[in-house]
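Observations on the model geometry
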Amino acid sequence: MTGQLRRTYRRLRLGTRLALGLGVLSLVVFAVVGTALTTYMRDYLEAQLGDQLQLVQVLQSKDAQVHGVVQRQPYYGWYTAVYDVSGDSAVLRRPADVPADTRALTALAETMAHSDTDLRRTARIDGKGTYRLQACEVEPGVVLVSAAPMADVQATVRQLITVQVVAFALALLALVVFGRAMLRRGLKPLSDMAHTAHGIASHNLTGSAARLPLRDDGRSGGPEVEELRTAFNTMLEHIDGSLAVRAEAEQRLRRFVADASHELRTPLMSVRGYADLFQYAAANAPEERDRHLARLRAEAARMGLLLDDLLLLARLDAAEVETPLRMEDADLVELVCQAADAFRAGHPDRPLTVTTGPDAVPLRLDPLRIRQVLDNLLTNAAVHTPAGTEVSVEVSVSSGTAWVGVADSGPGIPAADRERVFDRFYRVDKARSRDRGGSGLGLAVARSLVRAHGGTVALTGEPGATVFTLGIPLGRTHSAPSASLRTPVCRPGEG
């Protein structure tokens, strides 16, 4: 039975449970207050009756001294008896106004024979009810016993209890009913949040970019509910952000898979086509065989480069597990000069200017990977600009960071494409041939390699100019660079 009540109580709503708890607490308070009030009223009425009995007995004692018995009765229903006491016996004097059952009066008179002070006692008289008895000594050997009925006191106490029960019951009922309504109103913000949470639970979180349009925007409930509402909405904002990141990541992944498949399919189809041509042309035309083999090797090399870039990006993405960098002390100025010499050799039709502030910038980095970044930025400037376009490289140090800026005076990159130039397989000119425009992984690889070094790479510039800025933290300060780091392989300002 107790377990069933406990389970039923646990299934009740919070507002009902709070209202019941408030009702039980109020009932306890009412019981304590009612008991204290009833006890106080009973003691007060009994004290009043005792004082009245004391005053009446003083007058009756004088009457008994004069006449031997009490001739006048003060109130209806009161009793007075005069006893002659000797030893342990008490004899009632006649005439006397006493009830038929005088045992309680006689017993008190016998007890008074051995007492020096007045005695009081509450006793029940058969056929009459409960009486308050008081005995006093009139003269030696004579005892006066007076009895006052307590029916009025008991009736008043019973009436007081009845009034209290009715009043407390009505107050308790009103408290539970109105308290439940007030609690329901006070807990309405929590119900609204629960409704919002149910709406979110029924919302499809797998596809839509709109994600969670639901919010709890109530304006009541007090500071505690407001804190909960703020935390709830903050959680929803966090979920929104996480879902947005996930949706964007999924879109980028699908785009990446599609682009990678497209990029790999083109050389594979070329390999298959040249293989078929080789099968038919090799026996009769040896010169065709050499040409097709050269094309097969070129397409295989192209696929190899593409797969190497993809593998490098994958390893950089998993840098917390396995880092592809081999860190050592190197001079950034020397790496820039080496990249500049390679650029001049490969693109003699584009004048290059190199400006280095310090003689040497010693850093802790992977020289091969930073050189790859510089080559990618310079190659990007050559591929996407017409012949004769001026290209410049500038090395500087400020705010604890080594900066390398690669700029060209070409047509520039449209503002709509600047945010995506570092995305994988993204090309500004969608119609550009792959032989000229590349696979779209160069800048993505450059950004990933720079980030792996703890640096940044950003695109700035306006129409008619493009500037890629590479920044690498200096890290620990070297006391003095070695001799090899002080010997650049190019001259600042050389064109």
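Here, the structure is the one placed above.
Residues numbered from 1 in each chain as written. Predicted model: local features only at pLDDT ≥ 70, side-chain atom pairs only at ≥ 80, totals over all residues. Heavy atoms only, no water.

Glancing now at the pairing of strand β4 (residues 129-139). As paired elements, strand β3 (residues 119-125) and β4 share 7 bridges and run antiparallel to each other. Looking across to β4, one finds that L119 is bridged to A135. In textbook terms, the turn of a hairpin is the stretch between consecutive antiparallel strands, and for β3 and β4 this stretch comprises 3 residues, one of which, G127, has a positive phi near 80 degrees. Inspection of the sheet shows β4 paired to strand β5 (residues 142-149) by 8 bridges, in the antiparallel sense. Each bridged residue has a counterpart across the sheet, and for A135 the counterpart in β5 is V145. The hairpin formed by β4 and β5 contains 2 residues between the paired strands, and G141 there has a positive phi angle of roughly 85 degrees. (Pairing = 2+ DSSP bridges. Helix = DSSP H or I, 4+ residues; strand = E, 2+ residues; numbered from the N terminus.)

So, on to the packing of aromatic side chains. Scanning the model with the defined rule gives 4 aromatic pairs in all. Geometrically, the ring pair formed by Y75 and W78 is tilted, given 4.9 Å between the ring centres and 50 degrees between the ring planes. What makes Y75 partly exposed here is its relative accessible area of 39%. For W78, a relative accessible area of 8% translates into the label buried. Both rings, one in Y79 and one in Y131, keep their centres 5.5 Å apart while their planes meet at 40 degrees; by these two values the pair is tilted. (Phe/Tyr/Trp six-rings, centres within 6.5 Å; stacked < 30°, edge-to-face > 60°. Buried < 20%, exposed > 50% of the residue type's maximum accessible area, 1.4 Å probe, protein only.)

Moving on: the environment of T122. Structurally, T122 can be placed in strand β3. Accessibility expressed as a relative area gives 41% for T122, which makes it partly exposed. For the pair T122 and A104, spaced 18 residues apart in sequence, the C-alpha separation works out to 9.2 Å. Not counting residues within four places of it along the chain, the set of residues in contact with T122 comprises T130, Y131, R132 and M150. Only 2.8 Å separates the side chain of T122 from the side chain of R132, close enough to count as a polar contact. (Contact = heavy atoms within 4.5 Å. Polar contact = N/O pair within 3.5 Å; in protein donor to acceptor, adjacent residues only side chain to side chain.)

Turning to a positive patch on the surface, a few remarks are in order. A cluster of basic residues, R6, R7, R10 and R11, forms a positive patch on the protein surface. Mapping R10 onto the fold places it in helix α1 (residues 2-11). Taking the relative accessible area as the measure of exposure, R10 reaches 58% and is therefore exposed. (Patch = residues over 30% accessible without salt bridge, like charges linked within 9 Å, V, L, I, M, F, W, Y side chains within 5 Å. Areas by Shrake-Rupley, 256 points an atom, 1.4 Å probe, with all protein chains shown as cover. Salt bridge = Lys/Arg side-chain N within 4 Å of Asp/Glu carboxyl O. Lys, Arg positive; Asp, Glu negative; His and termini not counted. Charge placed at Lys NZ, Arg CZ, Asp CG, Glu CD.)

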